[in-house]
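# Notes for the structure review
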Amino acid sequence: MSAGRRHGDVTRTLRELFADAGVRGWLHVADLRRPEAAVTLDPDERLPIASVYKVPLMVAFCRLADAGTLDPTERVTLDPARRVAGPTGLSLLRDPVSMSLRDLVVMMMTVSDNTAADAVLRAVGPAVVDEICGELGLPDTQVRGGVTNTWARLVEETGAGSLSAAMRRLSSNDATVPEDVYDPARKSSSTPADIARLLHAIWTDRAASPERCAFMREVMGRQAWHHRLASGFPYDGVRVAGKTGTLGSLRHEAGVVELDDGTAYTAVIFTQAARADSVLPRADAVIGAAARLAVEALRSAEGV
């Protein structure tokens, strides 16, 4: 069977898998050693990426630290008035907290702490993140103010009086969500192909110095969530490092799957569910299932 035929069969199966889970999917899965060997599904379509923006933000932080223009050990005190809404980490705390910028990066990546991410973004600057994305060859990746900007725009776009009211509207199947909510031009956005290139740069020590890239790989490997990408690889000896992103009906994850035979694969899966419910286990699990299917297809084609 030709390579083109095999790829067509795999993408058809992926579309069926996503449809059965009630989502539309976008995907880029590639061999880390040979990134040209890839399974893709609409990989160049730009979407809002929600908390996946924290990956390019982390890279920008590391590059500034390498350049000596930012001190990763600088301590930052976050008062309750500077809290950013979120379900994890510092966003839940009621008293002032002081920690280093480097530890804030750990918090924003391991538990997707929005308050930590906001503090790191203030130290780095959105324009710097976009500039570094350009330097790394990610033309379709833009960071537009992080979570703070996303929440403010969401309240404005939905016409809700508060963030909690806007969230309720997003999760209601009886409400019409304005098109602007999912407009990539108004949110931090990227494509599966761009994020795959960024992951490849991190895992091959090109995104920053080898020391900083090792730090990024370690931090992503400690992500607390296992219900999306990692759910497709529930085996001893398999290491999954990743970053999730969620906004309304959008559920994403970008990461790297390292198998016990030494092979590794970048895996970026974006999805948008047909239903608005905030809890859709099948929509989460299909991310892992799709990544596993793509990895198995690549391994089969390579004779592994």
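Residues numbered from 1 in each chain as written. Predicted model: local features only at pLDDT ≥ 70, side-chain atom pairs only at ≥ 80, totals over all residues. Heavy atoms only, no water.

### Remarks on the side chain of K243
- Within the secondary structure, K243 sits in strand β7 (residues 239–247).
- At a separation of 2.9 Å, a polar atom in the side chain of K243 contacts the side chain of S112. (Helix = DSSP H or I, 4+ residues; strand = E, 2+ residues; numbered from the N terminus. Polar contact = N/O pair within 3.5 Å; in protein donor to acceptor, adjacent residues only side chain to side chain.)

### What to know about the environment of D20
- Within the secondary structure, D20 is located in helix α1 (residues 3–20).
- The exposure class assigned to D20 is exposed, which follows from its relative accessible area of 54%.
- Remark: the alpha-carbon pair of D20 and V286, spanning 266 residues in sequence, is separated by 9.1 Å. (Buried < 20%, exposed > 50% of the residue type's maximum accessible area, 1.4 Å probe, protein only.)

### So, the packing of helix α3 (residues 101–110) against helix α9 (residues 210–221)
- Direction vectors running N to C along α3 and α9 enclose 40°, while the axes themselves pass 8 Å from each other. By the criterion of interaxial angle, the relationship of α3 to α9 is oblique. Relative to α9, α3 is oriented so that their crossing is right-handed. Residues R102, V105, V106, M109 and T110 of α3 form the contact with α9, whose own contacting residues are F215, V219 and M220.
- Broken down by class, the residue content of the contact of α3 with α9 amounts to six nonpolar, one polar and one charged. (Axes fitted to C-alpha atoms, helices over the stretch in contact; angles between N-to-C directions. Parallel < 35°, antiparallel > 145°, perpendicular 65-115°, else oblique. Left-handed = near helix turned anticlockwise from the far one by under 90°. Contact = heavy atoms within 4.5 Å. Nonpolar A, V, L, I, M, F, W, Y, C, P; charged D, E, K, R; others polar.)

### Some details on empty space enclosed by the protein
- Counted according to the given criterion, the structure contains one cavity of 30 Å³ or more.
- One number sums up the size of the largest cavity: a volume of about 40 Å³.
- Around the largest cavity, the lining residues are M220, Q223, W225, H226, A230, V240, A241, G242 and E253.
- The element best represented in the lining of the largest cavity is β7, accounting for three residues. (1 Å grid on protein atoms, 1.4 Å probe; cavity = no way out; pocket = protein on both sides within 12 Å on 5 of 7 lines; lining within 4 Å. Points joined across faces, edges and corners; volume = space filled by probe spheres on them.)

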